[in-house]
Amino acid sequence: MGHNAVQTSTLMSDFLRQCGGYAIIDGGLATELERHGADLNDPLWSAKCLISSPHLIRKVHLDYLEAGANIIISASYQATLQGFETKGLSMEEGEALLRRSVEIACEAREMYHNIGCKVSWDATGNGEILKQRPVLVAASVGSYGAYLADGSEYRCIHWLLLSIVAQIARTICWGFGIYGDAVTLEALKDFHRRRVQVLAESGADIIAFETIPNKLEAKAFAEILDEDDIKIPAWFSFNSKDGVNVVSGDSISECASIADSCKQVVAVGINCTPPRFIHGLIQAIGKVTTKPVLIYPNSGETYDAERKQWVQSAGVGDEDFVSYVGKWSEDGACLIGGCCRTTPNTIRAITKALSTRSSSATTIQF
């Protein structure tokens, strides 16, 4: 095993050890951007702010760091080169925005650490600098389904075939992760490859492949990581609507097995899934991999892709959300955070809950 492979394989276990056995992932981005005044009624969704208001993205990252997050995720989930092209941007401009998404997160981390050093200096009175909390920057890669669901015109000739599929099956794809026979493994690899390459060289610590809806896309990501000799580690995170399978109907166990077999993948888990389903999914994942399990559920609300609105009646508040955290930790999850509609208050409550458990728990062995 080469030096880089060794570094990749140990990054997450080393990081978790530095964090005390568990790490906190940040929460929802779009909700917070809107709370700070951003208008996200756009095909690029939160990635729009990379163009219009990067300072708001930085502010949200800082809010999550101050709430206790150990991992902040870049605003690149909906940022695809194809999506930027439909907005009239060149390939070079699109790649620059992808890199900028990671730079903003790194800037927030540096600002947070600088603030912490200043506070520590002032508090001790003798210039002692307290140990900084470990923080990773994760570069987000959303699924092809996220691109299809944006409702934009598909003007790129190179993607004409995929665009036709998108116009026919946009809603089906968003809700169920079913892309149709025209979207092959090679087509998905072609769609994602350059974005992954750019983000891997952007200064991020890890790539977060998020909301993966099916086995096909998981395999595409795994093959890109292997074939393109990506130098930084990754995590795979799937989503589910029933607590048994991923949204396409593929088995969560089979999907997690794909992640387990990829040497670059250092953690496997679930995101953007109602909290009530997480317990069984952690158990299923734990049966097929020994890699760290991460979970960052949504609030439990349901997204209406046609109206582009969240249905609030099904959601849970911060207190109810955090009531699950102890059980998830007992089940084996060691990276825990929130996804859509969770806030810095959610992350602050998770941090408090895990800190309380950690004070009386035995040390986790890796």
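Here the structure is a predicted model, which is why all the values come from computation and not from measurement.

Rules used in this analysis
All residue numbers refer to position in the chain's written sequence, counted from 1. This being a predicted model, a pLDDT of at least 70 is required before a residue's local features are given, and a value of 80 or more before pairs of side-chain atoms are given or counted; all residues contribute to the totals for chains, interfaces and linings. Side-chain metrics in this entry use all non-hydrogen atoms of the structure; hydrogen atoms and water are not considered. Only DSSP runs of H or I covering at least 4 residues are called helices, and only runs of E covering at least 2 are called strands; the numbering of each starts at the N terminus. Three labels apply to residues, based on accessible area from a 1.4 Å probe with only protein chains included: buried if under 20% of the type maximum, exposed if over 50%, partly exposed otherwise in between. Each polar contact in these results corresponds to two N or O atoms within 3.5 Å; when the atoms are within protein, one needs to be able to donate a hydrogen and the other to accept it, and residues that are neighboring in sequence are counted only if both atoms are side-chain atoms. By nonpolar core we mean a set of buried residues, namely Ala, Val, Leu, Ile, Met, Phe, Trp, Tyr and Cys, connected to one another through side-chain atoms within 4.5 Å. UniProt positions are given in the numbering used here, feature names are shortened, and annotations may be inferred rather than shown by experiment. Residue contacts are defined here by distance: any two heavy atoms, one from each residue, within 4.5 Å place the two residues in contact. When DSSP locates at least two bridges between a pair of strands, those strands are taken to pair. Fitted lines through C-alpha atoms serve as axes, helices being fitted only where they are in contact, and the angles separating the N-to-C directions of these axes extend from 0 to 180 degrees. Here, a salt bridge means any side-chain nitrogen of Lys or Arg that lies within 4 Å of a carboxyl oxygen of Asp or Glu. Working definition: a ring pair exists when centres of Phe, Tyr or Trp rings (six-membered ring for Trp) sit within 6.5 Å. Plane angles under 30 degrees give stacked, over 60 give edge-to-face, the rest tilted. The criterion is that NZ of a Lys, or CZ of an Arg, lies within 6 Å of the ring centre and within 35 degrees of the ring normal, and then a charge sits over that ring. Multiplying one less than the number of residues by 1.5 Å gives the expected span of a helix. Given a residue, its bend is the angle between the two axes fitted to the seven residues that end at it and to the seven that start from it.

**Some words on the side chain of Ser53**
Looking at the secondary structure, you find Ser53 in the loop between α3 (49–52) and α4 (54–67). By relative accessible area, which is 8% here, Ser53 ends up buried. Of the polar contacts made by the side chain of Ser53, one reaches the side chain of Ser52; its length is 3.4 Å.

**Observations regarding the nonpolar core**
Phe209, Phe236 and Phe238 are the most contacted members of the largest nonpolar core, which has 81 residues in total. Core analysis: the second largest hydrophobic core is formed by 22 residues, Phe15, Cys19, Ile206 and Tyr296 among them.

**Here we look at the pairing of strand β3 (residues 136–141)**
The element β3 is extensively covered by neighbouring structure, given that 6 of its 6 residues are classed as buried. Every second residue of β3 is oriented toward a common face, with Leu136, Ala138 and Ser140 on one face and Val137, Ala139 and Val141 on the other, all of them buried.

**Points about the UniProt feature "binding site: Zn(2+)" (unreviewed entry) in the protein**
Residues given the UniProt feature "binding site: Zn(2+)" (unreviewed entry) here are Cys272, Cys339 and Cys340. In terms of the greatest pairwise C-alpha distance, the residues named above, spread along 69 residues, form a tight cluster of at most 6.3 Å across. Residues in contact with Cys272, not counting those within four places in the same chain, are Thr211, Asn239, Tyr296, Pro297, Asn298, Cys339 and Cys340. Looking at the secondary structure, you find Cys340 in the loop between β10 (333–336) and α15 (344–360).

**With respect to the sheet that holds strand β5 (residues 234–238)**
If you trace the 8 strands from one edge of the open sheet to the other, you get β1-β10-β7-β6-β5-β4-β3-β2, paired in parallel fashion. Each edge of the open sheet is held by one strand with a lone partner, namely β1 (23–24) and β2 (71–73). In this structure, β5 lies alongside strand β6 (residues 265–271), joined through 5 bridges in parallel fashion. Looking at β6, one finds that Phe236 is bridged to Val268. In this fold helix α12 (residues 278–286) packs onto β6, β7 (293–296) and β10, with an angle of close to 155 degrees to the strand it touches most, β6.

**Concerning the environment of Pro54**
Looking at where Pro54 falls in the secondary structure, it is placed in helix α4. In this structure, the C-alpha to C-alpha distance between Pro54 and Ile104, residues 50 residues apart in sequence, is 7.3 Å.

**Side note on the pairing of β10**
Where β1 and β10 come together, 2 bridges link them in parallel fashion. Its bridge partner being in β10, Ile24 is matched across the sheet by Ile336. Here 3 bridges tie β7 to β10, and the two strands are oriented parallel to one another. By the bridge assignment for β10, Val293 is matched with Ala333.

**Observations regarding the pattern of salt bridges**
All told, the structure shown has 18 salt bridges when counted by the stated rule. Arg35 is the salt-bridge partner of Glu32, the closest N and O atoms lying 2.8 Å from each other. Of this pair, Glu32 and Arg35 are both found in helix α2 (residues 30–35), 3 residues apart, which corresponds to roughly one turn of the helix. Residue Glu32 is classed as buried on the basis of its relative accessible area of 2%. Between Asp63 and Lys59 there is a salt bridge, with the nearest N and O atoms lying 2.6 Å from each other. Placement of the pair is Asp63 and Lys59 together in helix α4, with a separation of 4 residues, close to one helical turn. Within the structure, one salt-bridge network assembled from shared partners comprises Glu186, Lys189, Asp190, Arg193, Glu223, Glu227 and Asp228.

**Looking at the environment of Leu335**
By secondary structure assignment, the location of Leu335 is in strand β10. Separated by 43 residues in sequence, Leu335 and Pro292 place their C-alpha atoms 7.6 Å apart. With residues near it in sequence (within four places) discarded, Leu335 still touches Met12, Leu16, Ala23, Ile25, Ile71, Pro292, Val293, Leu294 and Ile295.

**Quick notes on the packing of aromatic side chains**
Evaluation of the coordinates by the stated rule reveals 7 aromatic pairs. Ring geometry for Tyr144 versus Phe191: centroids 4.8 Å apart, planes at 75 degrees, classification edge-to-face. Taken as a pair, Tyr144 in helix α7 (residues 144–148) and Phe191 in helix α9 (residues 185–200) lie far apart in primary sequence, 47 residues in all. Classification of Phe191 as buried rests on a relative accessible area of 2%. A ring pair is formed by Tyr324 and Trp328, whose centres lie 5.4 Å apart and whose planes are at 10 degrees; its orientation type is stacked. An aromatic cluster is built from Phe209, Phe221 and Phe236, whose rings are joined through pairwise contacts. Sitting above the plane of the Phe277 ring, Arg276 keeps its charged end 4.6 Å from the centroid.

**What to know about α9**
Compared with an ideal rise of 1.5 Å per residue, which puts 16 residues at 22 Å, α9 spans 21 Å between its outermost C-alpha atoms and is within 8% of the ideal. The largest bend along α9 measures about 40 degrees and falls at His192. Where burial is concerned, most of α9 is hidden: 12 out of the 16 residues are buried. Turning to α9, its buried residues are Leu185, Ala187, Leu188, Lys189, Phe191, His192, Arg193, Arg195, Val196, Val198, Leu199 and Ala200.

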